[in-house]
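Here is what each chain is made of, one letter per residue.
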Amino acid sequence: MAMLGKAVRMNRLVNPESGKFMAITVDHSLSRGILKGLIPIQETIDKIVVGRPDAITMTKGIAESCWWKHAGKVSLLLKCSNYSPVHPTFDVLFGDVEEAVRMGADAISIGAMLLGDFQAEQVREIGRISKQCISLGMPLIGHIYPKGESVEKKDQTKWENIAYCCRAGAELGVDIIKTTYTGSPETMRKVVEAVPTSTRVVIQGGDACKTLDDYLQMTRDALDCGVGGVTMGRFIWEYRDVSALVVVLRKIIHENYNLKEANELLAQLENDKNYNEF
């Protein structure tokens, strides 16, 4: 019966028509400090929900404080680990699957920085949480990156390193793996091919892009080469019209909008504020 619960939750996360997944993350403060766009956090969450993503990722404290009026409207993904400015290569676990079940989450999310000094501890924790997820019918999302001490900054987008992280997640029982875009559809396709078809690879927004068009084009390119969706944060909630950008991103992911269509819709939404019509 637990696997039925997992199927129910996964069906709420993945759009039935596009087969893709769109989540917005607001879990950055523990790892990166106080960022523009996350204050006040309630206002940011409210704006995201207006744009109707499939899900929002947040920690338990923020969910308990800010999620009540949105419960059941958008799926909750409970973030249960994070790194910090003083240990940037070690995601520390601070939640569990029972908490996610109690709070009505549709998935639990944990992170890992692989190919470094703390890989063993993080892999052990993913394995333990994966067992709990199977027992309780909870999908497991892994934010897994090749950012350990052995990887130079310039090699963090090499497809071989990203593919290793995705395959490691699949080996450990992760259902959805959030990672970095390699920079080209050809190499990102190799990453997708490195995992079983039942494992979904999605991309983060990250630091590589310089402009909004860069982010939107990266999203389009990634989807076209087989990536299963996105889990993005900063470039969305730091934008001047959060709700409009969430709508536009949803149209790219679920309705195959190209860059021109996306920009035209964004301009119209920013002017008319008629988000609920889309």
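Look up: the structure comes first, before these words.
On a predicted model such as this, the values are computed, not experimentally measured, just so you know. (Residues numbered from 1 in each chain as written. Predicted model: local features only at pLDDT ≥ 70, side-chain atom pairs only at ≥ 80, totals over all residues. Heavy atoms only, no water.)

(A) Quick peek at the overall build of the protein chain. The secondary structure content of the protein chain amounts to 12 helices and 10 strands. At 17 Å, the protein chain has a C-alpha radius of gyration in line with the 19 Å of a compact globule built from 278 residues. Summarising its shape, the C-alpha atoms of the protein chain cover approximately 50 × 40 × 35 Å along the three principal directions. Residues classed as buried in the protein chain amount to 57% of the 278 residues present. Residue pairs in contact within the protein chain that sit at least 24 positions apart in sequence constitute 69% of those at least 6 positions apart. For the protein chain, the accessible surface area stands at approximately 12200 Å², while carbon and sulfur atoms represent 53% of it. (Helix = DSSP H or I, 4+ residues; strand = E, 2+ residues; numbered from the N terminus. Rg over C-alpha atoms; globule rule 2.2 N^0.38 Å. Buried < 20%, exposed > 50% of the residue type's maximum accessible area, 1.4 Å probe, protein only. Contact = heavy atoms within 4.5 Å. Areas by Shrake-Rupley, 256 points an atom, 1.4 Å probe, with all protein chains shown as cover.)

(B) Layout of the pairing of strand E5 (residues 87-93). Note: strand E4 (residues 81-84) against E5, 3 bridges, orientation antiparallel. Each bridged residue has a counterpart across the sheet, and for Asn-82 the counterpart in E5 is Val-92. Taken together, E4 and the strand that follows it, E5, pair antiparallel across an intervening segment of 2 residues. (Pairing = 2+ DSSP bridges.)

(C) Representation of the nonpolar core in the model. Among the nonpolar cores identified, the biggest contains 75 residues, and Val-26, Trp-67, Ile-108, Ile-203, Ile-236 and Leu-249 are the most heavily contacted of them. The leading source of residues in this core is helix H11 (residues 242-255), at 9 residues. Those residues within four positions of Ile-236 in sequence are excluded, and the remaining contacts are Ile-24, Val-242, Leu-245, Val-246 and Leu-249. Among the nonpolar cores identified, the runner-up in size contains 11 residues, and Val-14, Leu-77, Ile-141 and Val-202 belong to it. (Core = buried A, V, L, I, M, F, W, Y, C linked by side-chain atoms within 4.5 Å.)

(D) Representation of the pattern of salt bridges within the structure. Scanning all chains against the criterion turns up 16 salt bridges. Of the charged contacts in the structure, one is a salt bridge between Asp-106 and Arg-12, with a shortest N-O distance of 2.7 Å. Taken as a pair, Asp-106 in the loop between helix H5 (97-102) and strand E6 (107-113) and Arg-12 in helix H1 (residues 2-13) lie far apart in primary sequence, 94 residues in all. Relative accessible area serves as the criterion here: at 5%, Asp-106 is assigned to the buried category. Across the pair Glu-270 and Arg-240 runs a salt bridge, and its minimum N-O distance is 2.7 Å. With Glu-270 in helix H12 (residues 259-272) and Arg-240 in the loop between helix H10 (234-237) and H11, the pair connects residues that are 30 residues apart, well separated along the chain. A single salt-bridge network, built from bridges that share partners, covers Glu-152, Lys-154 and Asp-155. (Salt bridge = Lys/Arg side-chain N within 4 Å of Asp/Glu carboxyl O.)

(E) Inspection of unusual backbone geometry at higher detail. With an omega dihedral of -5 degrees, the bond running from Ile-39 to Pro-40 counts as a cis peptide bond. Following the sequence through the fold, Pro-40 ends up in the loop between helix H2 (29-32) and helix H3 (41-50). Although it is not a glycine, Arg-52 sits at a positive phi angle of roughly 60 degrees. Examined against the element boundaries, Arg-52 turns out to sit in the loop between H3 and strand E2 (55-58). Accessibility expressed as a relative area gives 40% for Arg-52, which makes it partly exposed. Not every positive phi belongs to a glycine, and Lys-273 is a case in point at roughly 60 degrees. Position of Lys-273 among the secondary structure elements: in the segment after H12.

(F) Representation of H12 in the model. Taking 1.5 Å of rise per residue, the 14 residues of H12 would be expected to cover 20 Å, and the 20 Å separating its terminal C-alpha atoms lies within 8% of that figure. By the burial criterion, the buried members of H12 are Ala-262, Leu-265, Leu-266, Leu-269 and Glu-270. Projection of H12 onto a plane perpendicular to its axis shows the buried side chains occupying an angular sector of 130 degrees, all on one side. Opposite the buried face of H12, at more than 90 degrees from it, the exposed residues are Lys-260 and Asn-271. On its buried face, H12 sits against helix H9 (212-224) and H11. Following H12 by one or two positions, Lys-273 has its phi on the positive side, about 60 degrees. (Expected span 1.5 Å × (residues − 1). Arc of directions from axis to C-beta.)

(G) Structural view of the environment of Thr-44. Looking at the secondary structure, you find Thr-44 in helix H3. Accessibility expressed as a relative area gives 6% for Thr-44, which makes it buried. Taking the C-alpha atoms as reference points, Thr-44 and Glu-238, separated by 194 residues in sequence, lie 9.4 Å from one another. Apart from the residues lying within four places of it in its own chain, the contact partners of Thr-44 are Gly-37, Leu-38, Ile-39 and Trp-237.

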